[in-house]
Amino acid sequence: MVYAEAFSRPLSRNEVVGLIFRLIIFDAVTYFTIKWMVDAIDPTRKQKVEAQKQAEKLMKEIGMKNVKLSEYEMSIAAYLVDPLNMHVTWSDITGLDDVITDLKDTVILPIKKKHLFENSRRLQPPKGVLLYGPPGCGKTLIAKDTAKEAGYRFINLQPSTLTNTWYGESQKLAADIFSLAVKLQPSIIFFLFYFVLLLYFNSDHEAIAMMKAQFMSLWDRLDTDHSCQAIVMGAANRPQDLDSAIMSRMPTRFHINQPALKQREAILKLILKNENVDRHVDLLEVAQETDGFSGSDLKEMCQDVALLCVREYVHSTSEESHDEDEIWPVQQQDLHRAIEKMKKSKVAAFQYVLTHVCLD
Ligand SMILES: Nc1ncnc2c1ncn2[C@@H]1O[C@H](COP(=O)(O)OP(=O)(O)OP(=O)(O)O)[C@@H](O)[C@H]1O
């Protein structure tokens, strides 16, 4: 009754201003309350805040602190590496000379000599490059070296960045991956098309299907814009698991194979080059014993050997007499023990995957 009376007469100017003011306050309080509630129940909130801090630090380091980034761009930029801060060189990779030469000619040359390709419609730096082969054989290392030599910023996209998004957020994230690559150009976005990401991409969930469609169309836009200096590089263990839409966008492909005997010997030499190794150690014999090992397995095995030598030294001498220079050199039998240990752990890991992943 009171209200009816109040609204039956025209409102004064002050009353209108007061009403608008109250409405604004009410809307603001509602907005911030809902935002606070969404943030409070968002399980990825903490991760996002940390990513934001890291992204701000990295953007400052590359002299782009005034470039405005969205929340999703921040979470992707947290994995940015500036080529000037990359401590990798081609000499960190061995046994892959043919692949590296081919990659330098097909990917790096058109980037570095862009002016020679400017008037050509057919010869443009590739926008989609796929490195495929077994795990631990140097794909990530090669992608980083490519970015370093080309002088491109390297965005190492983590599968969790895509898959940990809320329902409905993934489309926004897909758009922001590409907008960030453009803002940070020249840049390489590096995807690991592994188990988690493949499950995600191959899902027939409606929201993911929409995200994928948008992802592909943005990728096409990047591909057709010749002035844009951004490349998508992907790594996959089994290219046959990749969707044909993804494969067709990565026509430049390189097979990174499991290292053969001579390559394993070269990788062992490289990994052990600064270690104290007994001069009687025969690395060819070690390479023969490590058939089926990846570069990453060899690295892990050598780290295990180094640890073994330190451990044995520490246990066999008193604490007062510990001296780094006295740790005895790596012997053939140390390497042999580490190989056997590694083989056992590979079998155990394989059995675990068979029973827990394949049978689930
Ligand atoms: N050809 C190689 N020469 C020298 N080191 C190598 C080589 N291959 C692998 N390594 C060693 O193994 C580590 C892992 O390699 P990298 O991460 O590049 O492999 P990947 O193929 O990307 O593996 P994944 O498929 O598991 O992601 C490297 O940091 C390096 O120490």
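Rules used throughout
- Residues numbered from 1 in each chain as written.
- Predicted model: local features only at pLDDT ≥ 70, side-chain atom pairs only at ≥ 80, totals over all residues.
- Heavy atoms only, no water.
- Helix = DSSP H or I, 4+ residues; strand = E, 2+ residues; numbered from the N terminus.
- Buried < 20%, exposed > 50% of the residue type's maximum accessible area, 1.4 Å probe, protein only.
- Contact = heavy atoms within 4.5 Å.
- Areas by Shrake-Rupley, 256 points an atom, 1.4 Å probe, with all protein chains shown as cover.
- Near = heavy atom within 4 Å.
- Polar contact = N/O pair within 3.5 Å; in protein donor to acceptor, adjacent residues only side chain to side chain.
- Axes fitted to C-alpha atoms, helices over the stretch in contact; angles between N-to-C directions.
- Parallel < 35°, antiparallel > 145°, perpendicular 65-115°, else oblique.
- Left-handed = near helix turned anticlockwise from the far one by under 90°.
- Patch = residues over 30% accessible without salt bridge, like charges linked within 9 Å, V, L, I, M, F, W, Y side chains within 5 Å.
- Salt bridge = Lys/Arg side-chain N within 4 Å of Asp/Glu carboxyl O.
- Lys, Arg positive; Asp, Glu negative; His and termini not counted.
- Charge placed at Lys NZ, Arg CZ, Asp CG, Glu CD.
- Core = buried A, V, L, I, M, F, W, Y, C linked by side-chain atoms within 4.5 Å.
- Phe/Tyr/Trp six-rings, centres within 6.5 Å; stacked < 30°, edge-to-face > 60°.
- Lys NZ or Arg CZ within 6 Å of the ring centre and 35° of its normal.
- Pairing = 2+ DSSP bridges.

## Comments concerning the overall build of the protein chain
Part 1: Counting its regular elements, the protein chain contains 16 helices and 6 strands.
Part 2: Burial statistics for the protein chain: of 360 residues in total, 39% are counted as buried.
Part 3: Sequence separation of at least 24 residues holds for 78% of the intrachain contacts in the protein chain that already meet a minimum separation of 6.
Part 4: When the accessible area of the protein chain is evaluated, it comes to approximately 21400 Å², of which 58% is carbon and sulfur surface.

## So, the site of the ligand
Part 1: Lining the immediate surroundings of the ligand are 18 residues, of which Thr-94, Gly-136, Lys-139, Thr-140 and Tyr-194 lie closest.
Part 2: Between a nitrogen atom of the ligand and a main-chain N or O atom of Thr-94, the distance comes to 2.9 Å.
Part 3: Thr-140 has a polar side-chain atom sitting 2.6 Å from an oxygen atom of the ligand.
Part 4: When the free accessible area of the ligand is taken as 640 Å², the share hidden by the protein chains comes to 82%.

## Quick look at the packing of helix α13 (residues 261–271) against helix α15 (residues 295–316)
Part 1: Viewed as axis vectors pointing N to C, α13 and α15 meet at an angle of 40°, and their least axial separation amounts to 10 Å. Relative to α15, the element α13 lies oblique. Read as a crossing pair, α13 and α15 show a hand that is right-handed. Contact residues: Arg-264, Ile-267, Leu-268 and Ile-271 in α13; Gly-295, Leu-298, Lys-299, Met-301 and Cys-302 in α15.

## Examining a negative patch on the surface
Part 1: A contiguous patch of negative charge on the surface is contributed by Asp-97, Asp-98, Asp-102 and Asp-105.
Part 2: For Asp-98, the location among the structural elements is in helix α5 (residues 97–112).

## A short note on the environment of Lys-48
Part 1: On the secondary structure map, Lys-48 appears in helix α3 (residues 45–61).
Part 2: Taking relative accessible area as the criterion, Lys-48 reaches 14% and is therefore assigned buried.
Part 3: Between the alpha carbons of Lys-48 and Glu-71 there is a distance of 7.9 Å; along the sequence they are 23 residues apart.

## Concerning the nonpolar core
Part 1: If you look at the biggest cluster of nonpolar residues, it comprises 38 residues, and the most contacted ones within it are Phe-178 and Phe-215.
Part 2: Looking at this core, the elements with two or more residues in it are α3, α4 (71–77), β3 (153–157), α9 (170–183), β4 (187–192), α11 (206–224), β5 (230–236) and α12 (244–248).
Part 3: Among the nonpolar cores identified, the runner-up in size contains 28 residues, and Val-129, Leu-131, Ile-231 and Ile-256 belong to it.

## A closer look at the packing of aromatic side chains
Part 1: Following the criterion strictly, the structure yields 5 aromatic pairs and no others.
Part 2: Centre to centre, the rings of Phe-215 and Trp-219 are 6.0 Å apart; their planes meet at 90°, and the pair counts as edge-to-face. Of the two residues, Phe-215 and Trp-219 are both situated in helix α11; the distance of 4 residues between them amounts to about one turn of the helix. Trp-219 shares its class with Phe-215; the two are buried.
Part 3: One aromatic cluster in this structure is built from Phe-178, Phe-191, Phe-215 and Trp-219.
Part 4: In this structure, Lys-346 is placed above the aromatic ring of Phe-293, and the distance from its NZ or CZ to the ring centre is 5.2 Å.

## Observations concerning the pairing of β4
Part 1: Where burial is concerned, most of β4 is hidden: 6 out of the 6 residues are buried.
Part 2: Going residue by residue along β4, you find Ser-187, Ile-189 and Phe-191 tucked away on one face and Ile-188, Phe-190 and Leu-192 tucked away on the opposite face as well.
Part 3: Where β3 lies against β4, 5 bridges are found, and the strand directions are parallel. Residue Phe-154 lies in a different strand from β4, and its bridge partner there is Ile-188.

## Observations concerning unusual backbone geometry
Part 1: Here the amide bond leading from Gln-185 into Pro-186 is cis, since omega sits at 0°, within 30 degrees of zero.
Part 2: Position of Pro-186 relative to the elements: it lies in the loop between α9 and β4.

Nothing here speaks to function; it is all geometry.
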